[in-house]
Amino acid sequence: MATSGQVREALGERLLGAQQEWPGFSIDVRELRVTEVSPRLLLVELDIRAQGESWRVSLDYQGQEASLVSGDLTDEAAEYLALLVRTHLFEWWHTKDTEKASRRKGTRLDT
């Protein structure tokens, strides 16, 4: 099983910095924490900046997604996990004002 440090390092290499969704819009991932790693649960917390706002976003992965880190963390698994996180981060951004479940995942850090 990969440790939280190994998962953080693998994801950090792939996620820290600007994540482009389309030209003119990106989310800058400034900090990444992996707060829990188990065969059934993976918790990732990101500090981001987008459109002049700073947020802390918590994403949790269970089942098949969490199992990506239950063995050796291969490059392929890390790439796929980074794609999932990136996709969920952009989905959160676009639904945070309209969906309760999305709203609960983020906390604004500035006003």
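Structure shown above.
Because the structure is predicted, anything quoted here is derived from the model rather than measured. (Residues numbered from 1 in each chain as written. Predicted model: local features only at pLDDT ≥ 70, side-chain atom pairs only at ≥ 80, totals over all residues. Heavy atoms only, no water.)

(A) Local environment of unusual backbone geometry. The phi torsion at Gln51 lies on the positive side, around 45°, for a residue other than glycine. When you line up the elements, Gln51 lands in the loop between β3 (41-50) and β4 (53-62). (Helix = DSSP H or I, 4+ residues; strand = E, 2+ residues; numbered from the N terminus.)

(B) Representation of the packing of helix α1 (residues 4-15) against helix α2 (residues 75-95). Interhelical geometry of α1 versus α2 gives an angle of 65° and a closest axis separation of 9 Å. The handedness of the crossing between α1 and α2 comes out as right-handed. Where α1 abuts α2, its residues Val7, Ala10, Leu11, Arg14 and Leu15 lie against Asp75, Ala78, Glu79, Leu81, Ala82, Val85 and Arg86. Classifying every residue of the contact of α1 with α2 gives 8 nonpolar, no polar and 4 charged. (Axes fitted to C-alpha atoms, helices over the stretch in contact; angles between N-to-C directions. Left-handed = near helix turned anticlockwise from the far one by under 90°. Contact = heavy atoms within 4.5 Å. Nonpolar A, V, L, I, M, F, W, Y, C, P; charged D, E, K, R; others polar.)

(C) Up close: α2. Here α2 is 21 residues long and its end C-alpha atoms lie 30 Å apart, about the 30 Å a rise of 1.5 Å per residue gives. For α2, the set of buried residues is Ala77, Ala78, Leu81, Ala82, Leu84, Val85, Leu89, Phe90, Trp92, Trp93 and Thr95. (Expected span 1.5 Å × (residues − 1). Buried < 20%, exposed > 50% of the residue type's maximum accessible area, 1.4 Å probe, protein only.)

(D) Representation of a positive patch on the surface within the structure. On the surface, a cluster of positive charge is contributed by Lys100, Arg103, Arg104 and Lys105. Looking at where Lys100 falls in the secondary structure, it is placed in helix α3 (residues 100-105). (Patch = residues over 30% accessible without salt bridge, like charges linked within 9 Å, V, L, I, M, F, W, Y side chains within 5 Å. Areas by Shrake-Rupley, 256 points an atom, 1.4 Å probe, with all protein chains shown as cover. Salt bridge = Lys/Arg side-chain N within 4 Å of Asp/Glu carboxyl O. Lys, Arg positive; Asp, Glu negative; His and termini not counted. Charge placed at Lys NZ, Arg CZ, Asp CG, Glu CD.)

(E) Representation of the packing of aromatic side chains. All told, the structure shown has 5 aromatic pairs when counted by the stated rule. Arranged with centres 6.0 Å apart and planes meeting at 40°, the rings of Phe25 and Trp93 form a pair that is tilted. Of this pair, Phe25 sits in strand β2 (residues 25-37) while Trp93 sits in helix α2, placing them 68 residues apart in sequence. For the pair Phe25 and Trp93, one class covers both residues: buried. Connected via pairs of aromatic rings, a cluster forms that spans Trp22, Phe25, Trp55, Phe90, Trp92 and Trp93. Over the face of the ring belonging to Trp93 we find Lys96, whose NZ or CZ atom lies 4.1 Å from the ring centre. (Phe/Tyr/Trp six-rings, centres within 6.5 Å; stacked < 30°, edge-to-face > 60°. Lys NZ or Arg CZ within 6 Å of the ring centre and 35° of its normal.)

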